[in-house]
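What follows is each chain in one-letter form.
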Amino acid sequence: MPVDVQEPDRLRCISSERLDETGFSYTLSLINGKYKMTILYTLMEFGIVRFNEMQRYIGSITFKTLSRNLKELEADGLIIRTEYPQVPPKVEYSLTEKGKSLVPILDQMCEWGDRARRSAERTA
């Protein structure tokens, strides 16, 4: 006798579309990379952050890599770069509304990671 499996009430990213044309794929294209989600999470936690602060928070990122990732996130509309005309130059980064819309997802990833880590520690 076949089992009637009901699909949960949620938006499906994959229908008849190609996988590379889905919302999931688009989201990954924006946040893919070793540091982009870490940068977004840093801005989520600390709000407005200057370049050197960001580098200290992340720790293992080089100047060049941080600079490139910030430019890409800005080009994708996820962060705002605010430059103040003063000496020495002052530049601050913050989340745009589009970037802020990722906060619930980043929070869920953090919660999932905490649960998974605790579970792994118990079984080790």
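Each chain carries its own residue numbering, running from 1 in the direction its sequence is written. In keeping with the model being predicted, local features are shown solely for residues with a pLDDT of at least 70 and side-chain atom pairs are shown and tallied solely at 80 or more, while totals for entire chains, interfaces and linings include all residues. Calculated side-chain values reflect all of the structure's heavy atoms, with hydrogen atoms and water omitted.

## A closer look at the pairing of strand β3 (residues 90-95)
Which entries qualify depends on this criterion: Only protein chains enter the accessibility calculation, which uses a 1.4 Å probe. A residue is then buried if its area is under 20% of the maximum for its type, exposed if over 50%, and partly exposed in between. We count a stretch as a helix when DSSP gives it H or I for four or more residues in a row; a strand needs E for two or more, and each element gets its number in order from the N terminus. A pair of strands is treated as paired once DSSP finds two or more bridges between them.
With five of six residues buried, β3 lies mostly within the body of the structure. Relative to β3, strand β1 (residues 49-50) runs antiparallel, the two being bridged by two bridges. From the neighbouring strand, Val49 faces β3, where its bridge partner is Tyr93. Summarising the sheet, strand β2 (residues 79-84) and β3 pair through six bridges and their orientation is antiparallel. Note on β3: the bridge partner recorded for Arg81 is Tyr93. In sequence, β2 turns back onto β3 through a hairpin of five residues.

## Focus: the nonpolar core
Stated precisely, the cut-off is as follows: Residues enter a nonpolar core if they are buried and are Ala, Val, Leu, Ile, Met, Phe, Trp, Tyr or Cys, with the set joined through side-chain atoms within 4.5 Å. Here a residue-residue contact requires only that any non-hydrogen atoms of the pair lie within 4.5 Å.
Ile39, Leu40, Leu43, Met54, Leu66, Leu70 and Ile79 are the most contacted members of the largest nonpolar core, which totals 22 residues. Element by element, the count of residues in this core is highest for helix α2 (residues 36-46), at four residues. Non-local contacts of Leu43, meaning those with residues more than four positions away in its chain, are made with Val49, Met54, Ile79, Tyr93, Ser94 and Leu95.

## A look at the packing of aromatic side chains
To keep things clear, this is the line we draw: Working definition: rings of Phe, Tyr and Trp (its six-membered ring) pair if their centres are within 6.5 Å, and the pair is stacked with planes under 30 degrees apart, edge-to-face with planes over 60 apart, and tilted otherwise. A ring is scored as having a charge over it whenever the NZ atom of a lysine or the CZ atom of an arginine sits within 6 Å of its centre and within 35 degrees of its normal.
As enumerated under the stated definition, the model contains two aromatic pairs in all. Consider the rings of Phe46 and Tyr57, whose centres lie 4.0 Å apart with planes at 5°: the pair is stacked. One end of the pair, Phe46, is in helix α2; the other, Tyr57, is in helix α3 (residues 51-58), with eleven residues separating them in the sequence. Measuring from ring centre to ring centre gives 4.9 Å for Phe51 and Phe63, while their planes differ by 55°; the resulting arrangement is tilted. With Phe51 in helix α3 and Phe63 in helix α4 (residues 63-75), this pair connects stretches of sequence that are twelve residues apart. Residue Phe51 is classed as buried on the basis of its relative accessible area, which comes to 14%. Look at Phe63 and you get exposed, because its relative accessible area is 55%. Directly above the aromatic system of Tyr84 lies the positively charged group of Lys90, at a separation of 5.1 Å from the ring centroid.

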